[in-house]
Each structure stands twice: as structure tokens, then as C-alpha cells.
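Fold and contact review
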Amino acid sequence: MPERKAVKLASPPRRTVPVKQVRTPVSRPKTRGMRSPLRKRGNTTKDEEKEGAQRDIRQYFPVRGKRKTASELKKIQLASIENAVLTQRESGMEVFHCEEKGRGVKASQSFKRGDFICEYSGDLLSHKEGKVRERMYNEHPEQYGSYMYFFQFQDISYCLDGTIDNGRLGRLLNHSKKNPNVHTCAIGVMGRPCLIFKALRDVEPGEELCYDYGDRSQRNIDIFPWLAR
């Protein structure tokens, strides 16, 4: 009887079934209306990147400041004029001899329209006191020139008498009816009414500084014919 041999049977091949990986959803807290947590150093948001870019641009281009309002500009201008009056600023002018009128003042620098020129300095009087002095001066017109200036400030009438030569240039500005280049303006400085000159138009160096005296009396015109011009 033939001998039996042990036969090793081959095991059937194993089938590998791929396992489908399922990710477990992670619940994230809602951040709407809440402060974002602190970020690690090195992480930047879009707003931070934009701000950094703007900062870099400002290194190369000047940034305009906030524009001042009309009222702010007016305050700055008034403060500058008050300082000029208090310091008796009279720069950009020189005295010269003018035929027929005597001394006069001309510009030694250019002035823009609206620029401060100088102050009309003199004795500040009430309207009544000014009229008394005016009558006294009119009795001797050949001795006293026309240096009385009547004006109003805050509905009150005043008079500035610049007859006495105090060395200031405002009293030396001559008259021009047809071609004035400065005009007077009443302002308050430290609670005191003052009379200043401002450029009526652009003034070039060498031009005589003149304003309209407003004197139309025939008697004074006969004495000073240049009042009509």
C-alpha cells in the first residue's frame, strides 16, 4: 500500500479591506461679537499688514496735517497782529522825502494783500476830546498838520491824535484818494482799541504807502491841495 505523504495545503490569500478613516468634527467656539484670543508672535492680520504698509509709505512721503477751519485761521491771524502791535513792529518800511507832502513812507519789501503794515500810534481820546483838540489845531493850520483820526470800535467813537511826533511811522503815511494801497482797521489789543494799517492790495518794494484820509472839506483842500488827489 503506497505511503501517504503529508501535503501542506497553501492557505488562501488574505484580502485586505481598506479601512475608511473618518475624521471626528471638532467644534469651534463662535467668535462673532467676542474678542479674538491673543495671537502668537509672528502672526499678523490683514489690518496689521495694511497699517505696516502705510507706515512704510509715510517714511517716504509727507503726510498732510488736519486742515484748520476759517475761525482757527482768523484766531491765528489776530494773535499775530496783536503781537506785532505789542512789539511795535514796523519792518519793511523806510522814510523818504516827498515833494509837496514832506516826509512819506515807502515799502522796502513786498507785502501781500491783507498783510499787517504798522500801527497808527498816538494819543487815544474820546470823540469829544478829539473835537476839542481839532478846533485848537484848526486855529493854526500852518503850525499843525492833519494827524487826527476819528474812528469807531464796538459802536464807540474814538480819536487818535498823532500830532506829536513819537518816532512811529504810521503817522507819516501820506494820503491818496485815487490810488491807495493800504487801509485802516480797528482792532482790540489787551482791551484797548487800536488802529492798524493793512495792505489793500499786493505792494511791491519802492512803492509809497498811502491811504485815503477821507477828508473832503474844501477848507482843508485849499490848504493842502494834495487831499483832492
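Here we summarise the structure given alongside this text. (Residues numbered from 1 in each chain as written. Predicted model: local features only at pLDDT ≥ 70, side-chain atom pairs only at ≥ 80, totals over all residues. Heavy atoms only, no water.)

**Overview of the environment of leucine 169**
Quick note on the threshold: Strands are runs of DSSP state E lasting at least two residues, helices are runs of H or I lasting at least four, and both sets are numbered from the N terminus onward. Any pair of residues with heavy atoms lying within 4.5 Å of one another is described as a contacting pair.
Note on placement: leucine 169 falls in the loop between β6 (156–161) and β7 (174–175). Excluding residues that lie within four positions of it along the chain, leucine 169 makes contacts with Glu90, Met93, Val95 and Val105.

**Observations concerning the packing of aromatic side chains**
Note the following rule: Here is the rule: rings of Phe, Tyr and Trp (six-membered ring for Trp) pair when centre to centre is within 6.5 Å. Planes less than 30 degrees apart are stacked, more than 60 are edge-to-face, and the remainder are tilted. A ring is considered to have a charge above it if a Lys NZ or an Arg CZ atom is located within 6 Å of its centre and within 35 degrees of its normal.
Summed over the entire model, instances satisfying the criterion amount to seven aromatic pairs. We note lysine 131 situated over the ring of phenylalanine 150; from NZ or CZ to the ring centre the distance is 4.7 Å. Cation over ring: arginine 171 sits above tyrosine 147, and NZ or CZ is 4.3 Å from the ring centre.

**As for the environment of leucine 78**
How we decide: Any residue under 20% of the maximum accessible area for its type is buried, any over 50% is exposed, and the rest in between are partly exposed; the area is computed with a 1.4 Å probe on protein chains only.
Mapped onto the fold, leucine 78 is located in helix α2 (residues 70–86). Overall, leucine 78 belongs to the partly exposed group, its relative accessible area being 36%. Separated by 109 residues in sequence, leucine 78 and isoleucine 187 place their C-alpha atoms 8.9 Å apart.

**Some points on the environment of asparagine 181**
As a reminder, the rule being used: Here a polar contact means two N or O atoms within 3.5 Å. Within protein one must be a hydrogen donor candidate and the other an acceptor candidate, and residues neighboring in sequence count only if both atoms are side-chain atoms.
Residue placement: asparagine 181 occurs in the loop between β7 and β8 (182–189). Its relative accessible area of 2% is what places asparagine 181 among the buried residues. Distance in space between the C-alpha atoms of asparagine 181 and glutamate 207 is 8.9 Å, their sequence separation being 26 residues. Setting aside its immediate chain neighbours within four residues, asparagine 181 contacts Lys198, Ala199, Leu200, Arg201, Val203, Glu207, Glu208, Leu209 and Cys210. For asparagine 181, the side chain forms a polar contact with the main-chain oxygen of glutamate 208, separated by 2.8 Å. A distance of 2.9 Å separates a polar atom in the side chain of asparagine 181 from the backbone nitrogen of cysteine 210.

Taken by themselves, the reported measurements are silent on function.
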